[in-house]
Amino acid sequence: HAQHVVEMLVPAIAALLDMKSFEPVCEAALRLNLSRLLHACRSFIAGHEREMRAKLHPPRGGSGGSGSRGAERGFCSVQVSAEVARALSCDKPHVSSSKDGSKRRRRLL
């Protein structure tokens, strides 16, 4: 029954996703294997690619500044970081490899 309650909350949680809530929500979705919430997280990643890439590769050499520079820090969760990296790398190589493959096929025919 608890799983049903969680599933009922997924649309509301997905609608409230923002940069601040993304990591804990994505971490919970991964841990609980909530496919609809994971889909929402992946959509959020795609819609916020620049911010997600910045969090994946935070600037180095900052001397302190844990207050206002929190957005520039990377992900705390290794699982969330891996999911974001996977979601972002999924898009570009897949598209470019299919374009390259179709060009090669056209040349061969």
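A quick note: this is a predicted structure, and the numbers were derived from the prediction, not measured.

Trainee: Got a sec to walk through the confidence of the model for the protein chain? Specific residues and values, please.
Mentor: Counting all residues, the mean pLDDT for the protein chain is 79, and 71% of those residues have values of 70 or more. Least confident of the elements in the protein chain is helix α5 (residues 78-108), whose mean pLDDT is 64; most confident is helix α3 (residues 35-47), at 96. In this model residues 63-71 is a low-confidence stretch, pLDDT under 50, and it forms four contacts with partners more than four residues away in sequence or in other chains. When the criterion is pLDDT under 50, residues 92-106 qualifies, and its contacts beyond four places in sequence or with other chains add up to two contacts.

Trainee: Explain the state of the cysteines to me, using residue names and the numbers behind them.
Mentor: Two cysteines whose sulfur atoms are joined by a covalent bond form what is called a disulfide. Scanning the model with the defined rule gives zero disulfides in all. There is no disulfide at C41, and the cysteine sulfur nearest it, in C26, is 4.2 Å away. A residue is classified by how much of its surface remains accessible, and C41, at 1% relative accessible area, is buried.

Trainee: Requested: an account of unusual backbone geometry, with residues and values cited.
Mentor: One non-glycine residue, N33, lies in positive phi territory at about 55 degrees. According to the relative accessible area criterion, N33 is exposed, its value standing at 59%.

Trainee: Any details on the nonpolar core? Residues and values, ideally.
Mentor: L17, F22, I45, M52, F75 and V84 are the most contacted members of the largest nonpolar core, which totals 20 residues. A total of six residues in this core trace back to one element, the largest contributor, which is α3.

Trainee: Give me the lowdown on the side chain of E23, citing residues and values where you can.
Mentor: Among the secondary structure elements, E23 is positioned in helix α2 (residues 22-32). At 4.7 Å, K55 is the nearest oppositely charged side chain to E23, a buried residue that forms no salt bridge.

Rules used throughout
- Residues numbered from 1 in each chain as written.
- Predicted model: local features only at pLDDT ≥ 70, side-chain atom pairs only at ≥ 80, totals over all residues.
- Heavy atoms only, no water.
- pLDDT = per-residue confidence, 0-100.
- Helix = DSSP H or I, 4+ residues; strand = E, 2+ residues; numbered from the N terminus.
- Contact = heavy atoms within 4.5 Å.
- Disulfide = S-S within 2.5 Å.
- Buried < 20%, exposed > 50% of the residue type's maximum accessible area, 1.4 Å probe, protein only.
- Core = buried A, V, L, I, M, F, W, Y, C linked by side-chain atoms within 4.5 Å.
- Lys, Arg positive; Asp, Glu negative; His and termini not counted.
- Salt bridge = Lys/Arg side-chain N within 4 Å of Asp/Glu carboxyl O.

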